[in-house]
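# Reading the structure
These are the residues of each chain, in order.
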Amino acid sequence: MAEALMKRMYGQRAYVQSAGVKNDMEVDGFSVAVCQEMGIELSRHRSRSFEEMQEWGDDLSQFDLIIALSPASQRMALELTRYHHLDIEYWPILDPTGLGETREAKLAAYRQARDQIKTRMLERFGPPTEGSG
């Protein structure tokens, strides 16, 4: 969700690649739904791990900043980059998985997480690039 939102808001202003601790999950349908509300297509997106990124040629030392959205991803980023000079920021974002009993309650939790990410991006990177969402 964060990668697609960043690309929508800032276009080609920065190279963005999302990664997680694990890559064994398809993108959550609720994430797809709440991003679709903003015109962001996530249905073909696939989760990937830090290790998988490196296997595909994205050397972490080439990045300037890693933004971790969970304590586990923060720990992994710190471990993998301990010999590289790059900044790691931790943004404590609500983990909506497992929240809510009804579909609407689940969607509300995912919207809250999406909006938290968007707010943090605006605070960190400023207004969206002209022509972006």
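Relevant structure appears above.
Computed from a prediction, not measured in an experiment: that's the story for all the values here.

With that out of the way, let us pick up the overall build of the chain. When helices and strands are tallied, the chain shows five helices and two strands. A compact globule built from 133 residues should have a C-alpha radius of gyration of about 14 Å, and the chain, at 15 Å, falls within 12% of that. Considering only C-alpha atoms, the chain reaches an extent of 45 × 35 × 25 Å along its principal axes. Counting over 133 residues, the chain shows a buried share of 32%. Long-range contacts, defined here as pairs at least 24 residues apart, represent 63% of the contacts in the chain between residues at least 6 apart. Accessible surface, the chain: about 8,100 Å² in total, of which carbon and sulfur atoms supply 49%. Of note, the chain has its 16 positive side-chain charges centred 4 Å away from the centre of its 21 negative side-chain charges.

This next bit is on the pattern of salt bridges. Counted by the stated rule, this structure contains eight salt bridges. For Glu123, the salt bridge identified is with Arg120, shortest N-O distance 3.7 Å. Of this pair, Glu123 and Arg120 both sit in helix α5 (residues 103-125), three residues apart, roughly one helical turn. For Arg120, a relative accessible area of 27% corresponds to the partly exposed category. If you follow the salt bridges from partner to partner, you end up with Glu37, Glu104, Arg111, Arg114 and Asp115 in one network.

For helix α1 (residues 2-10), the complete set of buried residues consists of Glu3, Ala4, Leu5, Met6, Met9 and Tyr10. For α1, the secondary structure elements touched by its buried residues are α5. Positive phi shows up at Gly11, right after α1, with a value of about 55 degrees.

Within the structure shown, the criterion is met by four aromatic pairs. A centroid spacing of 5.9 Å and a plane angle of 65 degrees characterise the contact between Tyr10 and Phe125, whose relative ring orientation is edge-to-face. Here the residue Tyr10 occupies a position in helix α1, and Phe125 occupies one in helix α5, the gap between them amounting to 115 residues. Judged by centre distance (6.5 Å) and plane angle (55 degrees), the rings of Trp91 and Phe125 are tilted. Of the two residues, Trp91 is situated in the loop between β2 (87-90) and α5 and Phe125 in helix α5; the sequence distance between them amounts to 34 residues. In this structure Trp91 comes out as buried when scored by relative accessible area, which is 3%.

The rules we used
Residues numbered from 1 in each chain as written. Predicted model: local features only at pLDDT ≥ 70, side-chain atom pairs only at ≥ 80, totals over all residues. Heavy atoms only, no water. Helix = DSSP H or I, 4+ residues; strand = E, 2+ residues; numbered from the N terminus. Rg over C-alpha atoms; globule rule 2.2 N^0.38 Å. Buried < 20%, exposed > 50% of the residue type's maximum accessible area, 1.4 Å probe, protein only. Contact = heavy atoms within 4.5 Å. Areas by Shrake-Rupley, 256 points an atom, 1.4 Å probe, with all protein chains shown as cover. Lys, Arg positive; Asp, Glu negative; His and termini not counted. Charge placed at Lys NZ, Arg CZ, Asp CG, Glu CD. Salt bridge = Lys/Arg side-chain N within 4 Å of Asp/Glu carboxyl O. Phe/Tyr/Trp six-rings, centres within 6.5 Å; stacked < 30°, edge-to-face > 60°.

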